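Understanding the architecture of this molecule
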Amino acid sequence: MKKTKLQTHASDIVDAMDLMELCRFCRVEQGWIVELVDHGVLDPDGPEQSDWRFYGYNIVRARKAGRLRRDLGINAAGIGMILDLMNERDRLIRQIAMHQQ
Amino acid sequence: MEFQDYYKVLGVASDADDSAIKRAYRKLAREFHPDVNPGPEAEDKFKAASEAYEVLKDPEKRTAYDDLCNAGPRSGNFQPPPGWEQGYSFSETSSSDDHAFSDFFETLFRQQQYDQGRHGMVRDQFAKINVDIEDVYHGASRDLILQVPDMDQSGRVRMQERRLAVHIPKGVQEGQHLRIKGDGAAGDVLLEVSFAPHPMYRPDGHDLHMDLPVTPWEAALGGKVAMPTPAGKVDIKIPANTRPGQKLRLKGRGLPGARSGDLYAHITIVNPPVETETGRQFFEKMAREMSFDPRKKMGVT
């Protein structure tokens, strides 16, 4: 059977998203993202909401926050605490892995 | 299709009341939520619990499900009795992030979620892609199989496979997303980049860590040591009296990107196995002539 070679798609690195793009990406409303920023869960670049740019780990964090709210009903404050604890946990796991060599 | 035992999934009796069902679901959701518990097993358990709760929390769906349970045998190839769905009116199922539930659920409980207008709506697709660390250094092309939710005539959602090859740009970072522009009919594909675990290299932010085994004489005398890096072989100079656990930093040889990180080689000193008389004599000479007690401060002399 002939194997067809897939055409390679070019990809852009999505480095940053503005507020509207992030809302669409996370399927949440603007007010929720603003609340996450108010709680320090996300820290976008830029002074005003219209200037906000969410880079790299902020995008991943926003998506996680959206899922935690939707699936577990957690509020912004709780989500902030959970994400911080999870980062710390992952850091410790990496440290343990290094010492186990 | 396979019959789903929702009461068993949640671990409740079939006559459990609403609050018991809610409590059971919440406990499982907390424990197996994929954001807290990475890994495919947790995700499967979370999906199963969500599906079970979706049916059992809704009085109409639960009644219909209980009737199905009582209707007959539930072995492997389950078929609902004809016309069973008449007499129930199901409200809309809450959407669940692009993933279909089991065949059992989709066939029996999924209601038409999209009206005619939304059927034409172009939706972006999200997925996660596991990238090898070497790909990050050189760029690469990777084949990907996406699960695309697809709606048939009767409004049921099925997952279709979509295969495509995507270019991994050099220097992409974990947590970044790659966008593949859609061709109009399909939406964009957004891929979250995650690094596949590597037997030799451990990423930490922009830096990379690895173990570098050296012989006792290399550590003691210092000198040139060849070591692998994701970009290729490199000769490094280790200092005399290198200690075990010492970290050697190779600046700028970490993960590439806007900010390139460093590569850290963690020294481990490995003794050669003693298998010949000559080898034994070397070590016996060391024991005689090098006065060194690593346990001096432990109070056992």
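Residues numbered from 1 in each chain as written. Chains lettered and ligands numbered in written order. Predicted model: local features only at pLDDT ≥ 70, side-chain atom pairs only at ≥ 80, totals over all residues. Heavy atoms only, no water.

**Some details on the layout of surface pockets**
Residue and element names in this part refer to chain B. Our working rule: The definitions used throughout rest on a 1 Å grid laid over the protein atoms alone, on which a cavity is an enclosed set of points accommodating a 1.4 Å probe that cannot get out and a pocket is an open set flanked by protein within 12 Å on both sides along at least five of seven lines; lining residues are those having an atom within 4 Å of a point. Grid points are joined across faces, edges and corners, and a volume is the space filled by probe spheres set on the points. The secondary structure listing takes helices from DSSP runs of H or I that are at least 4 residues long and strands from runs of E that are at least 2 residues long, numbered from the N terminus. Here the term charged refers only to Asp, Glu, Lys and Arg, the term nonpolar to Ala, Val, Leu, Ile, Met, Phe, Trp, Tyr, Cys and Pro, and the term polar to all other amino acids, Gly among them.
Volume-wise, the second largest pocket comes out at about 740 Å³. In this structure, the second largest pocket is lined by 23 residues; those nearest its centre are P216, W217, A220, M286 and M290. Elements supplying a minimum of two residues to the lining of the second largest pocket: α8 (216–221) and α9 (277–289). A per-element tally of the lining of the second largest pocket places α9 first, with six residues. A breakdown of the residues in the lining of the second largest pocket according to their chemical character gives 14 nonpolar, six polar and three charged.

**Some remarks on unusual backbone geometry**
Applicable threshold: Think of it in three bands: with a 1.4 Å probe and only protein chains considered, a residue is buried below 20% of the maximum accessible area for its type, exposed above 50%, and partly exposed in between.
The backbone phi angle of R27 of chain A is positive, close to 55 degrees, even though this residue is not glycine. Unlike most non-glycine residues, N241 of chain B shows phi in positive territory, near 60 degrees. Along the chain, N241 of chain B turns up in the loop between β9 (232–238) and β10 (247–250). N241 of chain B gets classed as exposed once you look at its relative accessible area, which sits at 61%.

**With respect to the environment of L6 of chain A**
Heads up, the rule is: A contact between two residues is defined here by any heavy atoms of the two lying within 4.5 Å.
You can see L6 of chain A is positioned in the segment before β1 (8–9). The residues contacting L6 of chain A, other than those within four sequence positions of it, are D143, R163, L164 and A165 of chain B.

**Focus on the environment of V14 of chain A**
Residue position: V14 of chain A is located in strand β2 (residues 12–14). When its relative accessible area of 4% is taken as the criterion, V14 of chain A is described as buried. Taking the C-alpha atoms as reference, V14 of chain A lies 9.8 Å from I59 of chain A; in sequence the two are 45 residues apart. Dropping the residues within four chain positions of it, V14 of chain A is found in contact with H177, R179 and L190 of chain B.

**Description of the packing of helix α3 (residues 57–72) of chain A against helix α4 (residues 76–99) of chain A**
All names here are of chain A. Filter applied, for reference: Helix axes are fitted only over the stretch in contact, all axes being lines through C-alpha atoms; the angle between N-to-C directions runs from 0 to 180 degrees. By the definition adopted for this analysis, an angle is roughly parallel if under 35 degrees, roughly antiparallel if over 145, roughly perpendicular if from 65 to 115, and oblique otherwise. Definitions for this section: a left-handed crossing has its near helix turned counterclockwise from the far helix by less than a right angle. A right-handed crossing has that turn clockwise.
Axis separation between α3 and α4 bottoms out at 10 Å; the angle between their running directions is 125 degrees. In terms of orientation, α3 and α4 fall into the oblique class. The element α3 and its partner α4 pack so that their crossing is right-handed. Here R61, K64, A65, L68 and R69 of α3 come into contact with α4, specifically with I79, I82, L83, D84, M86 and N87.

**What to know about the interface of chain A and chain B**
Let me state the cut-off plainly: By definition, the buried area sums, over both parts, the 1.4 Å-probe accessible area that each loses when the two are put together. When a carboxyl oxygen of Asp or Glu is within 4 Å of a side-chain nitrogen of Lys or Arg, the pair counts as a salt bridge. Distance and chemistry together define a polar contact, namely a pair of N or O atoms within 3.5 Å, with one atom able to donate a hydrogen and the other to accept it when in protein, and with adjacent residues in sequence counting only for side-chain atoms on both sides.
Taken residue by residue, the interface counts 29 residues in chain A and 36 residues in chain B. When chain A packs against chain B, the two sides together hide about 3100 Å² of surface, and 54% of this comes from carbon and sulfur. Along the contact surface separating chain A from chain B lie one salt bridge. The closest approach of N and O atoms between R67 of chain A and D35 of chain B, which form a salt bridge, is 2.7 Å. Applying the counting rule to chain A against chain B returns eight residue pairs in polar contact (both at pLDDT 80 or more).

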